[in-house]
Amino acid sequence: MSNLEQTLSIIKPDAVERNLENEIKNIFLENKFKIIKDKKIHITKAEAEEFYKVHQTKPFYNDLCSYLSSGPIVVMILEKEDAILGNRKIMGATDPKKADEGTIRKKFGISIDKNSVHGSDSIENAKIEINFFFKD
Ligand code: IDP
Ligand code: MG
């Protein structure tokens, strides 16, 4: 059964800073994701707080929002069959130390906070996150 989905992917500041944008995009393309839209932006801390508001009660929330707004990021809409779960698999576990071999976070992640990529975790959040960055 066909289940074409879109998900939001972010290449985080640690990866953009190390010029990994094209390498990471190529991993998505090799895995048959279509990059429907993409843009490089530098968000404010207030925007990061809005984006990550599901985490507002977590002890790392302030650092997380400071970090996401610390430098340029690349935001992308990825499309594929079962894109949401597929992207999560290619990203690997949140903590790069625990991520499987071959995943983006295993390859490029520096630490649990500087873990190179974000991906939506559900259909509902994918819609909210895509709308957050690509309202038009
Ligand atoms: P995810 O990015 O794998 O979906 P989430 O639990 O949604 O992970 O957390 C969002 C982001 O917050 C993570 O990507 C990571 O950068 C950061 N984060 C999560 N847990 C911790 C922690 O225990 N310490 C510091 N940062 C964390
Ligand atoms: Mg998450």
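Located above this text is the structure these notes cover.
Definitions and cut-offs
Residues numbered from 1 in each chain as written. Chains lettered and ligands numbered in written order. Predicted model: local features only at pLDDT ≥ 70, side-chain atom pairs only at ≥ 80, totals over all residues. Heavy atoms only, no water. Helix = DSSP H or I, 4+ residues; strand = E, 2+ residues; numbered from the N terminus. Rg over C-alpha atoms; globule rule 2.2 N^0.38 Å. Buried < 20%, exposed > 50% of the residue type's maximum accessible area, 1.4 Å probe, protein only. Contact = heavy atoms within 4.5 Å. Areas by Shrake-Rupley, 256 points an atom, 1.4 Å probe, with all protein chains shown as cover. Pairing = 2+ DSSP bridges. Axes fitted to C-alpha atoms, helices over the stretch in contact; angles between N-to-C directions. Near = heavy atom within 4 Å. Polar contact = N/O pair within 3.5 Å; in protein donor to acceptor, adjacent residues only side chain to side chain. 1 Å grid on protein atoms, 1.4 Å probe; cavity = no way out; pocket = protein on both sides within 12 Å on 5 of 7 lines; lining within 4 Å. Sits in = over half its atoms within 2 Å of the grid points. Nonpolar A, V, L, I, M, F, W, Y, C, P; charged D, E, K, R; others polar. Phe/Tyr/Trp six-rings, centres within 6.5 Å; stacked < 30°, edge-to-face > 60°. Lys NZ or Arg CZ within 6 Å of the ring centre and 35° of its normal.

On to the overall build of the protein, then. In terms of regular secondary structure, the protein is built from seven helices and four strands. Mapped in sequence order, the helices and strands of the protein form the string β-α-α-β-α-α-β-α-α-β-α. Against the globule reference of 14 Å for 136 residues, the protein gives a C-alpha radius of gyration of 14 Å, in line with a compact fold. The dimensions of the protein, computed from C-alpha atoms along their principal axes, are 40 × 35 × 25 Å. The proportion of buried residues among the 136 residues of the protein is 44%. Here the contacts in the protein between residues at least 6 apart in sequence split such that 75% fall between residues at least 24 apart. Here the protein displays about 7700 Å² of accessible surface, and carbon together with sulfur accounts for 51% of that area.

Okay, unusual backbone geometry next. Even without being glycine, aspartate 82 reaches a positive phi, approximately 50 degrees. Residue placement: aspartate 82 occurs in the loop between strand E3 (73-81) and helix H5 (83-91). With relative accessibility at 40%, the residue aspartate 82 sits in the partly exposed group. With phi around 75 degrees, serine 116 is a residue other than glycine that occupies positive phi space. Take serine 116: its relative accessible area is 0%, and that puts it in the buried class.

This paragraph deals with the sheet that holds E3. The antiparallel open sheet is built from four strands, whose spatial order is E2-E3-E1-E4. Taken across any chain shown, the strands that pair with only one partner, and hence form the sheet edges, are strand E2 (34-41) and strand E4 (117-119). Going from strand to strand, the sheet's axes swing by 20 degrees on average, the running direction of each strand aside. In the sheet, E2 pairs with E3 via seven bridges, with the strands oriented antiparallel. Each bridged residue has a counterpart across the sheet, and for isoleucine 41 the counterpart in E3 is isoleucine 73. Docked against the sheet, helix H2 (residues 21-30) engages strand E1 (4-11), E2, E3 and E4, running at close to 10 degrees with respect to E3.

The full set of residues close to ligand 1 is Lys12, His55, Phe60, Leu64, Arg88, Thr94, Arg105, Ile112, Asp113 and Asn115. The side chain of asparagine 115 places a nitrogen or oxygen atom 2.9 Å from an oxygen atom of ligand 1. Burial of ligand 1 by the protein amounts to 76% of the accessible area it has alone, namely 530 Å². Counting atoms within 2 Å of the grid points, the majority share of ligand 1 lands in the largest pocket. Split into classes, the residues belonging to the shell around ligand 1 amount to three nonpolar, three polar and four charged.

To continue, consider the packing of aromatic side chains. Think of a pair of aromatic rings as described by two things: how far the centres are apart, and how the planes are tilted against each other in angle. If you walk through the whole model with that rule in mind, you get five aromatic pairs. With a centroid separation of 5.7 Å and an interplanar angle of 80 degrees, the aromatic rings of phenylalanine 28 and phenylalanine 33 are classed as edge-to-face. Judged by its relative accessible area of 0%, phenylalanine 28 falls in the buried class. Among the aromatic side chains, those forming a connected cluster through ring pairs are Phe51, Tyr52, Phe132 and Phe133. The ring of phenylalanine 132 has lysine 135 sitting right over it, with the charged end atom 5.2 Å from the ring centre.

Just distances and angles here, no functional claims.
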